[in-house]
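Chain residues, written in single-letter form:
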Amino acid sequence: MSAAGFHEGERIIQRLAGVAEKADRLQGMLQPPRLTGGLSTALAGRSFAVLTARDHDGALWISPISAEPGFLVAGGTALAVHARPATYDPLHNVPVPQHVGLLAIDFGIRRRIRVNGKLTGQSANLLTIHADQAFGNCPSYIQQRHLMKTRMPEPTANPGQWKAHSNTDTGALEDEHIDLIGNADTFFLGTIHPTRGADASHKGGQPGFVRIVDGEIWWPDYAGNNLFNSLGNITVDPATALLFIDFTTGRTLQVSGEAKIEWLDPSACQDEGGTGRRVRFTPHRIRGGYMPVLGDLLSFSPHNPAVTRSPGA
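Residues numbered from 1 in each chain as written. Predicted model: local features only at pLDDT ≥ 70, side-chain atom pairs only at ≥ 80, totals over all residues. Heavy atoms only, no water.

## Things to note about the sheet that holds strand E13 (residues 239–245)
Then, number 1: Strand order in this open sheet of 7 strands is E10-E9-E13-E14-E15-E12-E11, and the pairing throughout is antiparallel. Two strands bound the open sheet, and with one partner strand each, they are strand E10 (197–204) and strand E11 (211–213). When strand polarity is set aside, the average angle formed by the axes of neighbouring strands in this sheet is 35°.
Then, number 2: Relative to E10, strand E9 (residues 186–193) is paired through 8 bridges, and the arrangement is antiparallel. Within E10, the residue paired with histidine 193 across the bridge is glycine 197.
Then, number 3: This element, helix H1 (residues 8–17), spans E9, strand E14 (251–263) and strand E15 (277–290) of the sheet and lies at about 60° to E14. (Pairing = 2+ DSSP bridges. Helix = DSSP H or I, 4+ residues; strand = E, 2+ residues; numbered from the N terminus. Axes fitted to C-alpha atoms, helices over the stretch in contact; angles between N-to-C directions. Contact = heavy atoms within 4.5 Å.)

## Considerations on the packing of aromatic side chains
Then, number 1: According to the stated counting rule, one finds 9 aromatic pairs in the structure shown.
Then, number 2: Arranged with centres 6.5 Å apart and planes meeting at 75°, the rings of phenylalanine 107 and phenylalanine 188 form a pair that is edge-to-face. Note that phenylalanine 107 is positioned in the loop between strand E5 (98–106) and strand E6 (111–123) and phenylalanine 188 in strand E9, a separation of 81 residues in sequence.
Then, number 3: Taking the relative accessible area as the measure of exposure, phenylalanine 188 reaches 1% and is therefore buried.
Then, number 4: Taking the centre distance of 5.5 Å and the plane angle of 75° together, the rings of phenylalanine 107 and phenylalanine 247 count as edge-to-face. You can see phenylalanine 107 sitting in the loop between E5 and E6 and its partner phenylalanine 247 sitting in the loop between E13 and E14, a full 140 residues away along the chain. Per residue, the accessibility class of phenylalanine 107 equals that of phenylalanine 247, and both read buried.
Then, number 5: Members of the aromatic cluster, joined through ring pairs, are Tyr141, Phe187, Phe209, Trp219, Tyr222 and Phe244.
Then, number 6: Over the ring of tryptophan 218 we find arginine 278, and its NZ or CZ is 3.9 Å from the ring centre. (Phe/Tyr/Trp six-rings, centres within 6.5 Å; stacked < 30°, edge-to-face > 60°. Buried < 20%, exposed > 50% of the residue type's maximum accessible area, 1.4 Å probe, protein only. Lys NZ or Arg CZ within 6 Å of the ring centre and 35° of its normal.)

Here it is as structure tokens:
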């Protein structure tokens with residue numbers, strides 16, 4: 001991931017979306033970063049992040065990590081993460097070295113920071129990332145929430161009925177999964193490029209913006225910053241991971257699979273936000289769990305497009 005600038009997948013999507021010239025002006029964001037000053041301070045203030053990486057079997061996942069503010073310590077080109085995914089999370093013992101993507105987000109102030117690079121070390125309570133990219137994103141589509149710590153279920157092999165009921169390598173979504181996904185206003189997206197590395201992204205919209213049809217999941221790709229990190233990665237490598245969170249119960253749903261991009265006539269789309277782009281995802285592996293964080297919804301993002309289609313449309 002040492003090469004600077006956009007990779008071939010990002011360039012393809014930018015041209016298809018008609019924003020290549022606008023994207024050219026943003027290439028400076030992708031230069032090797034210095035995790036100092038305001039960026040370091042912002043990371044230090046976060047209490048929640050998500051991590052994209054592969055497990056020991058090579059499956060791609062995106063996992064939640066939560067801890068007290070100060071658990072993300074940045075300096076130079078290194079980010080020290082003083083926490084790990086939960087004991088029963090597929091990335092608890094994440095292999096080293098490998099490309100990873102980390103997204104730190106503050107729902108209360110609608111601020112998010114992406115750090116992409118290589119995982120170079122892991123210990124009992126520390127992940128070390130050498131950053132190749134680090135930049136902030138706009139607040140669009142982030143629902144404002146107040147996060148609160150809660151008690152984590154005991155880290156047993158089956159921590160509650162939800163965990164035991166949700167683990168499957170068949171990729172078959174069950175009623176509980178469908179209900180959580182259908183009511184979601186937020187999820188996190190993990191993607192990867194074979195040589196340029198992994199990425200963790202936030203996706204948000206009104207409840208119902210993520211749909212399930214015939215066992216597949218799809219969502220509209222709303223207008224963003226024109227970097228197209230996620231869609232560019234999917235264009236080159238379809239391996240994709242999703243993380244859904246029920247902020248009222250702490251339940252999490254992690255899904256590993258493959259995605260593809262669909263292009264439609266924007267004038268014929270009722271609720272894709274005018275882009276005519278969708279992402280369709282086929283699940284292969286499913287993991288249910290919990291995280292020790294709940295979140296009171298304060299307000300929806302004013303940028304969320306209306307959802308007019310039914311969940312099965």
